Amino acid sequence: MSFDRRQFMQLGALPLLAVQASAEPARVEGRHRARDLGVTIGRMTPGKMNAITDVPGVEVGHTTIIEGHGDLEVGKGPVRTGVTAIWPHRNIVDEFLPCGVDAPNGNGELSGMLQASKLGILNSPVCLTNTSSVGMVYDALQSLQPVDDLPAGTPVVGETWDAELNDTIGRHVHAAHVQKALAAAHGGPVSEGAVGGGTGMICYEYKGGIGTASRRIDAAGMTHHVGVLVQANHGSRELLRIDGVPVGAELSKQDRPKVRPELNSILMIVATDAPFLPHQLDRLARRATHGLARTGSISGNASGDFTLAFSTGNRIPREAFYRGTTYRMQSIEQFNIHPYLEAVSEAVEEAIINALFMSKDMTGINGNFVPALPLTETLQIMHSHGRLGGVANG
Amino acid sequence: MGKSELFQVVESQHCQAVLFEDWNAIPGRFFVANRSRHGFNALLGNGVVNEFRTISGPILLAPSAMLGGVYDVGLRLADARDLEAPIDQGWPPMTVGIDVAAPEQPDDWKERLLNAIQRQESDRSPTWAHQTLTGQSGDYRLQVLECRVGEKPSVTIIATDAPMLPQQLERLADIDTAPLTIAVSVGNRLPRVAADKFHQVDVISEEQLTSLLSAAAAR
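Only a predicted model underlies this, so the values are computations on that prediction, with no experimental measurement involved.

Rules used throughout
- Residues numbered from 1 in each chain as written.
- Chains lettered and ligands numbered in written order.
- Predicted model: local features only at pLDDT ≥ 70, side-chain atom pairs only at ≥ 80, totals over all residues.
- Helix = DSSP H or I, 4+ residues; strand = E, 2+ residues; numbered from the N terminus.
- Buried ≥ 20, exposed ≤ 12 C-beta atoms within 10 Å, placed from the backbone.
- Rg over C-alpha atoms; globule rule 2.2 N^0.38 Å.
- Contact = placed C-beta atoms within 7 Å.
- Pairing = 2+ DSSP bridges.
- Axes fitted to C-alpha atoms, helices over the stretch in contact; angles between N-to-C directions.
- Nonpolar A, V, L, I, M, F, W, Y, C, P; charged D, E, K, R; others polar.
- Expected span 1.5 Å × (residues − 1).
- Arc of directions from axis to C-beta.
- Parallel < 35°, antiparallel > 145°, perpendicular 65-115°, else oblique.
- Left-handed = near helix turned anticlockwise from the far one by under 90°.
- Core = buried A, V, L, I, M, F, W, Y, C linked by C-beta atoms within 7 Å.

Explain the overall build of chain B here, please?
Counting its regular elements, chain B contains 5 helices and 12 strands. Dimensions of chain B along its principal axes, counting C-alpha atoms only, are 50 × 45 × 35 Å. Out of the 219 residues in chain B, the part that is buried amounts to 47%.

The structure is reproduced here in structure tokens:
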């Protein structure tokens, strides 16, 4: 028996219950988000989209560039790359947001880290791309900044390295691609897998890329969200764990080609509409590492692992930030932060798993082939450990 | 403590306690940041400062050899308020070691120190050189405690009533060169931890911060 996502949803929760009881999971066709296949990460409730866009005002757009096949010719391809743009809100260059950062292993680039650590503000859209494209994307974002007698904002560009599949040295991302991703950004469901900046990325030696997830927090009559988007390009297959199950170790027993050891990186963007101050967002950013670690990463020596966390719950007018007397911010009380910390950990973990679940096989430069995570076998392993079930979240 | 003072220094049993505003009367937390240099490491209570960026009790300065005992006095101060050790009732005591010899102490020195802090009255002259400087930046006050051992700076505490966030206080601490610099803003008195779900804070602009940094650097 096999079924696709639509058929699965028509069956509702019944297959999952059957799986939980005794039966082997059915063969999975196509790619699906983890939760849709009964993999339920953590104990908190996702937002409606289970995406970073559950945070009101946050929009995501991708430009995906896939061109050519065969041997690498630098400057010509094959090309497997792109750019992912995140608008924290559309007026970010004039209304700053507080932000915090963390870098569990800093062998990479996330511009704006210094500004975030010294000034605690975000005043640019956030773009994710490949290593060689940081400069071009930075300049494209710089052009969005107002030109007047106040300091210009700092573009925020993060990178991970995609040279296994992409002609990264050929620098195929240009300003027009950035502008297209920014213009295409929208709320609602977010495309995942090999899209945008994640197009050529590899995660736990399977095809990786973009993943997203969210958690809803209801407290004191108010609802807030924590949303996460990752560009996942990290990890050794044998270390991969899904919901605590050593899936990678078990899959490694099967005869599959090794892709490469852990050399690479992950970018983790955390958004919340709860009102946080910058130092509190540093604390949120640090919790992203817990979610990353749950999937098996140890933030290897060569990794560039960065987290940026921002809050849309406080907006700081640019003029007030630089000039004048004082401005006012709202702060969540320390006592109430705990669920947000847990939400970050859970959402990061699920976003990484979603990146794996949604990515398809890809062949890139020189015929380099990176397989997608085999979902049927993965679910069988999860089932054998009693960790498959729950209610599908459509 | 005079109305123009942001902190008071109480000297007792070869230790100093720096009390922000009327600490004995009004519980509260203030944003704080510190910078250490030259391998300075005689500091207790820094975990909470790094995580929550607040301070809720006196800063205790003592000869390094007495650090544990003085920390214990700070803990008793906090215990007297709340045995659950919340971070807004003086826990953990921020305790700083000064590189001077520890003189012999009477058996009841901890009680004497505790009483002096609670009474906010010094009972002896300072063990090491220190001076308090004051300054002004626009509407905001600055008060600086400089501790020296011989000719060498040891610890600097910079307080201001300008409402500042922890990142801004780090930049204020950055202007100094002492082995340890602690910057405290009493411009936002934060409420009890569990009092409300949210509270508001005021923040000075970059323009005001630049003026304040200049005033502090020119002290």
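How should the overall build of chain A be read in this particular structure?
A tally of helices and strands in chain A yields 10 helices and 18 strands. Against the 2.2 N^0.38 benchmark of 21 Å for 394 residues, chain A shows a C-alpha radius of gyration of 20 Å, consistent with a compact globule. Residues counted as buried form 58% of the 394 residues belonging to chain A. In chain A, once contacts between residues fewer than 6 apart in sequence are set aside, the share between residues at least 24 apart is 82%.

Is there a simple way to explain the sheet that holds strand β4 (residues 79-87) of chain A in this structure?
Two pairing modes exist for strands in a sheet, parallel and antiparallel, and in both the strands are linked by backbone hydrogen bonds. Residue and element names in this part refer to chain A. The strand order across the open sheet built from 4 strands is β3-β4-β7-β8, with neighbouring strands paired in mixed fashion. Each of the sheet's edge strands pairs with one partner strand only, and the pair in question is β3 (59-67) and β8 (156-160). Strand-to-strand twist across the sheet, computed as the mean angle between neighbouring axes with direction ignored, equals 15 degrees. Where β3 lies against β4, 9 bridges are found, and the strand directions are antiparallel. In the strand pairing of β4, H62 is matched with T84. Here helix α4 (residues 134-142) sits on the sheet and contacts β4, β7 (126-130) and β8; the angle it forms with β8, its principal contact strand, is near 160 degrees. Along the sheet, helix α5 (residues 175-184) contacts β3, β4 and β7; its crossing angle with β3, the most-contacted strand, is approximately 140 degrees.

Please explain the interface of chain A and chain B as it appears in this structure.
Reports often express the size of an interface as the amount of accessible area lost when the parts come together. In this complex, chain A contributes 27 residues to the contact, which on the side of chain B involves 23 residues. Tallying contributions element by element places strand β16 (residues 326-332) of chain A first for the side of chain A that touches chain B, with 7 residues. When its residues are assigned to classes, the side of chain A that touches chain B shows 13 nonpolar, 9 polar and 5 charged. Two elements, β16(A) and strand β12 (residues 198-204) of chain B, share 7 bridges in a ladder whose sense is antiparallel.

Honestly, the environment of A:D139 in this entry has me stumped. Any pointers?
Residue and element names in this part refer to chain A. Positionally, D139 belongs in helix α4. Under the C-beta neighbour-count criterion, D139 is labelled partly exposed, with 14 such atoms within 10 Å. Between the C-alpha atoms of D139 and L388, which are 249 residues apart in sequence, the distance is 46 Å.

What exactly am I supposed to notice about helix α5 (residues 206-217) of chain B here?
One full turn of an α-helix is made of 3.6 residues, so residues set three or four places apart face in the same direction. Residue and element names in this part refer to chain B. Between its terminal C-alpha atoms α5 stretches 16 Å, which fits the 16 Å expected from 12 residues at 1.5 Å a residue. Of all the residues in α5, the buried ones are Q208, L209, L212 and A216. Down the axis of α5, the buried set is contained in an arc of 100 degrees. They therefore lie on one face. For α5, the exposed residues set more than 90 degrees away from the buried face come down to S214 and A217. Buried residues along α5 sit against β8 (129-137), β9 (140-149), β10 (152-160), α4 (166-174) and β12.

Which parts of the structure should I look at to understand the sheet that holds strand β1 (residues 7-12) of chain B?
Residue and element names in this part refer to chain B. As summarised here, the arrangement of the 5 strands in space is β1-β2-β6-β7-β4, forming an open sheet in which the pairing is mixed. With one partner strand each, in any of the chains shown, β1 and β4 (43-44) form the two edges of the open sheet. Bridge analysis of strand β6 (residues 59-63) against strand β7 (residues 94-98) gives 5 bridges, and the strand direction is parallel. Residue pairing in the sheet places P63 in a bridge with I98 of β7. Sitting on the sheet, helix α2 (residues 67-81) touches β2 (15-20), β4, β6 and β7, and the angle it makes with β7 is about 155 degrees.

How should the packing of α2(B) against helix α3 (residues 109-119) of chain B be read in this particular structure?
Angle between the axes and distance between the axes: these two values describe a pair of packed helices. All names here are of chain B. Remark: α2 packs on α3, axes separated minimally by 10 Å, with the N-to-C direction vectors making an angle of 50 degrees. Taken together, the axes of α2 and α3 are oblique relative to one another. Where α2 crosses over α3, the two elements pack in a sense that is right-handed. Together, G69, D72, V73, R76 and L77 of α2 and K110, L113, L114 and I117 of α3 make up the contact between the two elements. Of the residues in the contact of α2 with α3, the class split is 5 nonpolar, 1 polar and 3 charged.

Help me out: how do you make sense of α5(A) in this one?
All names here are of chain A. Burial in α5 covers these residues: H177, V178, A181 and L182. Each buried residue of α5 sits inside an arc of 135 degrees when the element is viewed along its axis, so together they form one side. In α5, those exposed residues whose orientation departs by more than 90 degrees from the buried face are A176 and A183.

Got a minute to help me understand unusual backbone geometry in this structure?
Excluding glycine, a negative phi dihedral is what most residues carry, and trans is how most peptide bonds are arranged. Residues and elements named next belong to chain A. Residue G77 is joined to P78 through a cis peptide bond whose omega torsion reads 0 degrees. The residue P78 is located in the loop between β3 and β4 in this model. Residues other than glycine seldom take positive phi values, yet S299 does so here, at roughly 50 degrees. Looking at the secondary structure, you find S299 in the loop between α7 (278-294) and β14 (304-311). For S299, a count of 21 C-beta atoms within 10 Å translates into the label buried.

Just checking my understanding: could you explain the nonpolar core for this structure?
Soluble globular proteins tend to bury their nonpolar side chains together. All names here are of chain A. Counting 167 residues, the largest nonpolar core has V228, V230, I269, V270 and L308 as the members making the most contacts within it. The element contributing the most residues to this core is helix α9 (residues 338-358), with 12 residues. Setting aside residues no more than four positions away along its own chain, V228 makes contact with I52, T212, A213, S214, M268, I269, V270, V344, A347, V348 and A351.

It is not clear to me how the environment of B:V18 should be interpreted in this structure. Could you clarify?
Residues and elements named next belong to chain B. Here V18 shows up in strand β2. The class for V18 is buried, based on 24 C-beta atoms found within 10 Å. Taking C-alpha positions, V18 is 5.7 Å from Q8, a pair spaced 10 residues apart along the chain. Setting aside residues no more than four positions away along its own chain, V18 makes contact with F7, V9, P58, I59, L145 and I157.

It is not clear to me how the pairing of β2(B) should be interpreted in this structure. Could you clarify?
Two faces, one strand: in a regular strand the side chains alternate between the faces of the sheet. All names here are of chain B. For β2, the tally of buried residues reaches 5 of 6 residues, placing the bulk of the element in the interior. In sequence, β1 turns back onto β2 through a hairpin of 2 residues, with Q13 there showing a positive phi of about 50 degrees. Relative to β6, β2 runs antiparallel, the two sharing 3 bridges. Across the sheet, residue A17 finds its bridge partner in β6, namely L60.

Keep in mind these numbers describe shape, not what the thing actually does.
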